[in-house]
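# Architecture and fold: a report
The chain contents come next:
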Amino acid sequence: MSEAFERDFEDQPVNPTIDQSPTINDVIEQRYSRRGVMALMGSAAIAATTPLAGCAQSATDETTTEAAAEDFVELARGVDTNHQTAGGLEDQIVIRWGDPLFDGIGPFNPLAQSVADQENRFGYNNDYIGFVALPDDENGNQRALLCVNHEYTIGNLMFSGRAGRAGTAEEAAIEQAAHGGTIVEIVNIDGAWSYVQGSRYNRRITARTEGMELTGPAAGHPRLATTADPEGRFVIGTLNNCAGGITPWGTYLMAEENFNGYFSGEAAGPEQANHERYGVPGGWYNWAEYEARFDLAREPNEPNRFGWVVEIDPMDPQSTPKKRTALGRFKHEGAESLVAPSGQVVLYMGDDQRFDYVYKFVTAGRFNADDRAANRDLLDEGTLYVARFDADGSVEWMPLVYGQGPLTEENDFSSQGEVLIETRRAADLLGATPMDRPEDVQPNPQNGTIYVMLTNNSRRSEDQTDAANPRGPNRFGHIIEITEPNGDFTSTTSRWEILVRCGDPADPAIGAEWGPGLSENGWFGSPDNAAMDSANRLYVSTDGSEVLNQCANGVWRVETEGLERGYSRLMFLAPTGAEICGPRLSDDENTFFLAVQHPADGGEDFPGHARASTFDDPSTRWPDFAPDMPPRPAVVALTRADGKTFSEV
Ligand code: FEO
Ligand code: CA
Ligand code: CA
Ligand code: CA
């Protein structure tokens, strides 16, 4: 979601416990005592796993390392109406907002939009990209399904003549139809990816999709009941699908993030405190004028039916989307997973709000690689944990289990369902560490490390800093690396350290820390989504760089190992106004997919367009650059010009 959008509407941290976090003095004291322990142990191996080891170094450091052969020529930072791709890479547009998905649907006419029409087309503001490989076609062409989220809509860029966010009843319904997700088949013919209109797999899920099922411990809870669904089991639609994941059994997870923004009215009655903890109502849209379900006065429980992770089987277009309540309710950024040595599946998840938390979920059952159907309901049973990052470099994963610790009647919890509906309050009571806006949490199945994108936190004051969130204010964000002991992702104790502190290393006041040898183009701010390649390199896409850095958002590749650890290079730049989401490598690592979200948003910030950016007068008409076509969010595919994979040198 656009940083500008969030700044306007969602600048208030809602965690009431933040003043309980340790002060800087507590942290300094703990750091020094830790250093004393380290000196006594004298173990370089252990030192390398602590947050004090200083593996990331200032770019101005004199250290020189032999750089690996470069597979792309780094871009120069800047802002432009078009995207920029690093030398040595080739780019192509795969699919864009309005592209027809089904047989009989014609070319997109943005001046003749309707609900029924949008439901047959690729949605707005593509975010997460999942890649599910299919068998090659009869000509030997590579095929796959892309599972793409559509996080939110921007009325003034979608509709001609629309000035602000409030539109007509029909526009509100079209906006809903442009939310959700798309499952679409793609094919690679002679190196060119295209999508397959009319594929039997193609499917739209939207904010209007009926019969989405609530499953797991909170399903059927009275606090999920509404007039339309007195049993609390079936929801209309999904909202603000940000990042997500593909499970080991090939299902598509859509994370519901800023669901609060869709509700209007006043938080009152028994749900008031619960709603306030989630920033409900956000009032970003005027949908409540047209539909009772978005009006708190009429449907006070409706917001409790959002903020979940939705699971969809992309192989079966008739399958019922399921909201898996066992994974907790918060502003889910994403839901990436891997299989632990025990066979249990572990999902890592961030709650993207200033001063909110990092979670993981461990299934009770074990993944069955031989029987896909046996994994169907694995996500309904397991343990949700929230992270406490201690100054000694350890992570304590604390279980959110009804009846354990403070999660009892004494604190108004009467079931596991209630613990999950109020996940944030339960985590507050356990003393989780308030973080600098956890976005994507990216595991690396190669070596068992996990990377947490902490995008920024302008509201953290200096006396609210701690070891894991060391800067206040934190304008540029940082990335934390978690290591699970012996690759056991189910462990309740892990280690953490900071990989990089983002921002311009040339300005000492920012306190940035990167690996050695960084060029002036290699630094970034506001890390958001991430992907790994099999050479253990981290690809980070940003949201917020354009405003802060006078440089477009983009994709940077960060080394995580050896002498180059923390060294970063600029690989792709977004067109003006856009953030980059969903970085995703194809399974064979030949193709790097990315989502360009909200091109032309916030035109006032762009030097070449110092006025409002609208459908009729946008700051860019990316990617078509046709006078009758507004800017369109789109999926881009990058490949290497030399035909190699992204992990080859
Ligand atoms: Fe939808 Fe936190 O980004
Ligand atoms: Ca994001
Ligand atoms: Ca990711
Ligand atoms: Ca963001």
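Just above, that's the structure.
Conventions we followed
Residues numbered from 1 in each chain as written. Chains lettered and ligands numbered in written order. Predicted model: local features only at pLDDT ≥ 70, side-chain atom pairs only at ≥ 80, totals over all residues. Heavy atoms only, no water. Pairing = 2+ DSSP bridges. Helix = DSSP H or I, 4+ residues; strand = E, 2+ residues; numbered from the N terminus. Axes fitted to C-alpha atoms, helices over the stretch in contact; angles between N-to-C directions. Donors = N, O, S within 2.8 Å, 3.2 Å for Na, K, Ca; no water. Buried < 20%, exposed > 50% of the residue type's maximum accessible area, 1.4 Å probe, protein only. Salt bridge = Lys/Arg side-chain N within 4 Å of Asp/Glu carboxyl O. Phe/Tyr/Trp six-rings, centres within 6.5 Å; stacked < 30°, edge-to-face > 60°. Lys NZ or Arg CZ within 6 Å of the ring centre and 35° of its normal. Contact = heavy atoms within 4.5 Å. Core = buried A, V, L, I, M, F, W, Y, C linked by side-chain atoms within 4.5 Å.

## Some thoughts on the sheet that holds strand β2 (residues 89–96)
Ordered in space as β2-β31-β30-β29, the four strands form an open sheet in which the pairing is antiparallel. The open sheet has two edge strands with one neighbour each: β2 and β29 (579–585). For this sheet the average axis-to-axis angle between neighbouring strands, irrespective of direction, equals 25°. Bridge count for strand β30 (residues 591–597) against strand β31 (residues 634–640) is six bridges, and the pairing is antiparallel. Note on β31: the bridge partner recorded for Phe 592 is Leu 638.

## Here's the deal with the coordination of the calcium ion (ligand 4)
Protein coordination at the calcium ion (ligand 4): the donors are Glu 439 (OE), Asp 528 (OD) and Asp 543 (OD), at 2.4 to 2.5 Å from the metal. Mapping the donors of the calcium ion (ligand 4) onto the primary sequence gives the spacing E-x88-D-x14-D. A separation of 4.2 Å is found between the calcium ion (ligand 4) and the calcium ion (ligand 2), both of which receive a donor from Glu 439. Highlighted residues: Glu 439 in strand β21 (residues 438–444) and Asp 543 in the loop between β26 (537–542) and α10 (545–549), separated in sequence by 104 residues. A single burial state applies to Glu 439 and to Asp 543, both of which are buried.

## Some details on the pairing of strand β17 (residues 358–366)
Sheet analysis places strand β15 (residues 344–350) next to β17, joined by six bridges and oriented antiparallel. Bridge pairing in β17 places Gln 344 opposite Arg 366. In the sheet, β17 pairs with strand β18 (residues 382–389) via five bridges, with the strands oriented antiparallel. Looking at the pairing, Val 362 lines up with Thr 383 of β18.

## Here's the deal with the pattern of salt bridges
Scanning all chains against the criterion turns up 40 salt bridges. Close ionic contact of Arg 96 with Asp 624 constitutes a salt bridge, the shortest N to O distance being 2.9 Å. A residue pair is termed long-range when its members are at least 10 positions apart, and Arg 96 in strand β2 and Asp 624 in the loop between β30 and β31 qualify at 528 residues. By relative accessible area, which is 26% here, Asp 624 ends up partly exposed. By sharing partners, the salt bridges in this structure join Asp 71, Arg 557, Arg 569, Arg 640 and Asp 642 into a single network.

## Focus on the coordination of the calcium ion (ligand 3)
For the calcium ion (ligand 3), the full set of protein donor atoms is Glu 336 (OE), Asp 440 (OD), Gln 442 (OE1) and Ala 530 (O), and the range of their distances to it is 2.3 to 2.4 Å. Summarised as a motif, the one-chain spacing of the donors to the calcium ion (ligand 3) is E-x103-D-x1-Q-x87-A. Each member of the pair, Asp 440 together with Gln 442, is buried.

## Quick notes on the packing of aromatic side chains
In the structure shown here, the tally under the stated rule is 23 aromatic pairs. Between Trp 97 and Phe 108, the aromatic rings sit 4.9 Å apart at their centres with planes inclined by 65°, giving edge-to-face as the arrangement. Of this pair, Trp 97 sits in the loop between β2 and α4 (115–118) while Phe 108 is found in the loop between β2 and α4, placing the two residues eleven residues apart along the sequence. Just as Trp 97 is buried, Phe 108 falls in that class too. Geometrically, the ring pair formed by Phe 476 and Trp 523 is edge-to-face, given 6.4 Å between the ring centres and 75° between the ring planes. Of the two residues, Phe 476 is situated in the loop between β22 (449–454) and β23 (478–483) and Trp 523 in the loop between β24 (493–501) and β25 (527–532); the sequence distance between them amounts to 47 residues. Among the aromatic residues, those joined into a cluster by ring pairs are Tyr 262, Phe 263, Tyr 285, Trp 287, Phe 294 and Phe 306. The positively charged end of Arg 425 is found above the aromatic ring belonging to Phe 413, 4.2 Å away from the centroid. The ring of Phe 72 carries the charged tip of Arg 569 above its face, separated from the ring centre by 4.1 Å.

## Here we look at helix α6 (residues 169–178)
The element α6 is extensively covered by neighbouring structure, given that eight of its ten residues are classed as buried. Three or more residues of α6 are buried, namely Glu 171, Ala 172, Ala 173, Ile 174, Glu 175, Gln 176, Ala 177 and Ala 178. In the core, the buried residues of α6 are packed alongside α4, β4 (142–150), α5 (155–158), β5 (180–189) and β7 (203–205). Gly 180, located one to two residues past α6, shows a positive phi value of around 100°.

## As for the nonpolar core
Phe 263, Met 349, Tyr 359, Val 386 and Leu 400 are the most contacted members of the largest nonpolar core, which totals 66 residues. Broken down by secondary-structure element, the contributors of at least two residues to this core are α5, α6, β15, β17, β18, α8 (416–421) and α9 (423–430). Broken down by element, the residue count for this core peaks at five residues, all from α6. For Phe 263, the contacting residues outside a window of four places in its chain are Leu 239, Val 280, Pro 281, Gly 282, Gly 283, Arg 293, Phe 294, Leu 296, Glu 302, Pro 303 and Phe 306. Membership of the second largest hydrophobic core comes to 45 residues, among which are Met 453, Tyr 539, Tyr 567 and Leu 573.

## A word on the sheet that holds β23
Strand order in the open sheet formed by nine strands is β14-β15-β17-β18-β19-β24-β23-β22-β21, and the pairing between neighbours is antiparallel. Two strands bound the open sheet, and with one partner strand each, they are β14 (336–339) and β21. Looking at each pair of strands side by side, their axes are set apart by 30° on average, direction ignored.

## Regarding unusual backbone geometry
Looking along the chain, the bond that leaves Val 280 and enters Pro 281 is cis, with omega of 0°. Counting through the fold element by element, Pro 281 comes out in the loop between α7 (272–277) and β12 (309–312). Cis rather than trans, the peptide bond between Trp 622 and Pro 623 has omega equal to 0°. Take Pro 623: it is sitting in the loop between β30 and β31. You will see that Asp 190, though not glycine, has its phi angle at about 55°, which is positive. Judged by relative accessible area, Asp 190 falls into the exposed class, the value being 79%.

Note that every value here comes from positions in space, so none of it alone points to a role or purpose.
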